[in-house]
Amino acid sequence: MFGFLKGNVNLRNPEEQAPQPQFGRGYRCVAAGGAEVRGAEGVAGVAKCAEQLSACCGVQSKKKGLSFEEKRARMMEIFFETKDVFQLKDIEKIAPKEKGITSMSVKEILQSLVDDGMVDTDRIGTSNYFWAFPSKALHARKRKLGELESQFAESNQKKETLQKSIEKSKIGREDTAERAALLEELAALRQKKEQLKAEIDKYRECDPDVIEEMRQTNKVAKEAANRWTDNIFSIKSWAKRKFGFEESRIDKGFGIPEDLDYID
C-alpha cells in the first residue's frame, strides 16, 4: 500500500483529497511501511514516485478468479432466482454479466451440473433446453436426508447387535487364575502337537499309504510312457513304408534315441 502526501493531506482516499495539485508544487510518496521516497516537483514527480513504489513493494492488482465449485453455485443461482428455462446461448450471456462466470467455462460448468442431476435438460426440435427449480432441489435434499437417516438407523442397529455379541462373548472369558492356567496348558499342548507332526514327517517315506500312492503314480506313468513309445514305433513303420526312409534316418531327423524301447 502506498499514498501520495501533499503537506498533511492524504491523497490515497478520494474523500480526503485536497484541491487538485498545481504544477510546481512539491509532493511526497510514503509507503505503508514508513519508508519515504521523494519525487520531482509537480504531477511528473507523483507519477515517478508511483513507479518507484510499485517496483519496490511489488504492488499487484490481479483479481482472484472463482473456483469451480463457486461457479457451479452461482450458476445454480441463475436457475433458482429466475425459475426459467434457458438455452446454452442464453446462459452464456447471463452468467458472465450477472454472476462473473467466464463465457468460456459456462458449457463445462453446466454439463457438470447436468451430470450430477442438479440441472435437467431436454432436446426440443434442434435445441437443448436447461432448467432447475428450487422445488426439485428441496425434494432431492429430503430424499437424500431420508437415505442418510435410514443408513444411520441401520448402522446403529448393527452397532447394538455387535455390542451384544461382544458382551456375550466375554462370558466365561474373564481373566481368572483358572483361565490363565488353562490357556498355558493349551499352548503347551499345541507346541507338543507340532513337535509330533514334525517327527511323523521324518518317516513319511516309510508310510504304507504314501508308498501305495507312489506305486499307483508309477503305474500310471509307466503305462503312459509305453503308450507313447508304441505311437512312435507306429509312425516310424508308416514312414518307412510310405517314403522308403531308413530307420536310422528317421531317428536322426526326429531325435529319437536308437535304444528306445518299452518299459518292463
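These numbers come from a predicted model, not from an experiment.

*Asks:* When you look at the sheet that holds strand 6 (residues 120-124) in this model, what are you seeing that I'm missing?
*Replies:* Either a parallel or an antiparallel arrangement is found when strands of a sheet pair, and the pairing is made through backbone hydrogen bonds. Here we have three strands laid out as an open sheet, ordered 5-7-6, and antiparallel in their pairing. Two strands lie at the open edges of the sheet, namely strand 5 (86-87) and strand 6, each paired on one side alone. Pairing of strand 6 with strand 7 (residues 127-131) involves five bridges; the strand directions are antiparallel. What sits directly across from Thr-121, in strand 7, is Phe-130.

*Asks:* Looking at this model, I keep getting lost on helix 2 (residues 68-82). Mind explaining?
*Replies:* Each α-helix winds once per 3.6 residues, and so residues spaced three or four apart point in a common direction. Helix length check: helix 2 (15 residues) gives 22 Å between terminal C-alpha atoms against 21 Å at 1.5 Å per residue, within 8%. Among all positions of helix 2, only Lys-71, Arg-72, Met-75, Met-76, Ile-78 and Phe-79 are buried. Taken end-on, helix 2 shows its buried residues confined to a sector of 140 degrees, consistent with a single buried face. More than 90 degrees from the buried face of helix 2, the exposed residues found are Glu-69 and Glu-81. Packing partners of the buried residues in helix 2 comprise strand 5, helix 3 (88-99), helix 4 (103-115) and strand 7. Directly beyond the C-terminal end of helix 2, a positive phi value near 50 degrees is found at Lys-83.

*Asks:* Got a minute to help me understand the side chain of Lys-99 in this structure?
*Replies:* Mapped onto the elements, Lys-99 comes out in helix 3. In this structure, Lys-99 is in contact with Leu-66, Arg-74, Glu-77, Ile-78, Glu-81 and Ile-94, ignoring residues within four places of it in sequence.

*Asks:* Explain unusual backbone geometry to me, please; I cannot follow it from the model alone.
*Replies:* Most peptide bonds take the trans configuration, and most residues that are not glycine carry a negative phi. The phi dihedral of Lys-83 is positive, around 50 degrees, even though this residue is not glycine. Tracing the chain through its elements places Lys-83 in the loop between helix 2 and strand 5.

*Asks:* What am I meant to see in the pairing of strand 7 here?
*Replies:* Looking down a regular strand, the side chains alternate between one sheet face and the other. The pairing of strand 5 with strand 7 spans two bridges and is antiparallel. Each residue of the ladder has a partner; that of Phe-86, found in strand 7, is Phe-130. Hairpin remark: strand 6 followed by strand 7, antiparallel, with two residues in the connecting loop; positive phi at Gly-125, about 70 degrees.

*Asks:* Just checking my understanding: could you explain the packing of aromatic side chains for this structure?
*Replies:* For the coordinates displayed, the defined rule picks out four aromatic pairs. Aromatic pair Phe-79 and Phe-86: ring centres 5.7 Å apart, planes at 75 degrees, arrangement edge-to-face. Judged by its relative accessible area of 0%, Phe-79 falls in the buried class. Ring plane angle 20 degrees and centroid distance 5.5 Å describe the contact between Phe-243 and Phe-245, whose orientation is recorded as stacked. Note on Phe-243: relative accessible area 48%, which makes it partly exposed. Each residue in the set Trp-238, Phe-243 and Phe-245 is aromatic and connected to the rest through ring pairs, giving one cluster.

*Asks:* Explain the confidence of the model for the protein to me, please; I cannot follow it from the model alone.
*Replies:* Here the protein averages 78 in pLDDT, while 76% of its residues score no lower than 70. Within the protein, strand 2 (residues 9-10) has the poorest average pLDDT of any element, 43, and strand 5 the best, 94. The low-confidence segment residues 29-44, where pLDDT is below 50, has 32 contacts with residues more than four positions distant or belonging to other chains. Note on residues 57-61: pLDDT is under 50 here. Beyond four places in sequence and across chains, it has five contacts.

Cut-offs applied
- Residues numbered from 1 in each chain as written.
- Predicted model: local features only at pLDDT ≥ 70, side-chain atom pairs only at ≥ 80, totals over all residues.
- Heavy atoms only, no water.
- Pairing = 2+ DSSP bridges.
- Helix = DSSP H or I, 4+ residues; strand = E, 2+ residues; numbered from the N terminus.
- Expected span 1.5 Å × (residues − 1).
- Buried < 20%, exposed > 50% of the residue type's maximum accessible area, 1.4 Å probe, protein only.
- Arc of directions from axis to C-beta.
- Contact = heavy atoms within 4.5 Å.
- Phe/Tyr/Trp six-rings, centres within 6.5 Å; stacked < 30°, edge-to-face > 60°.
- pLDDT = per-residue confidence, 0-100.

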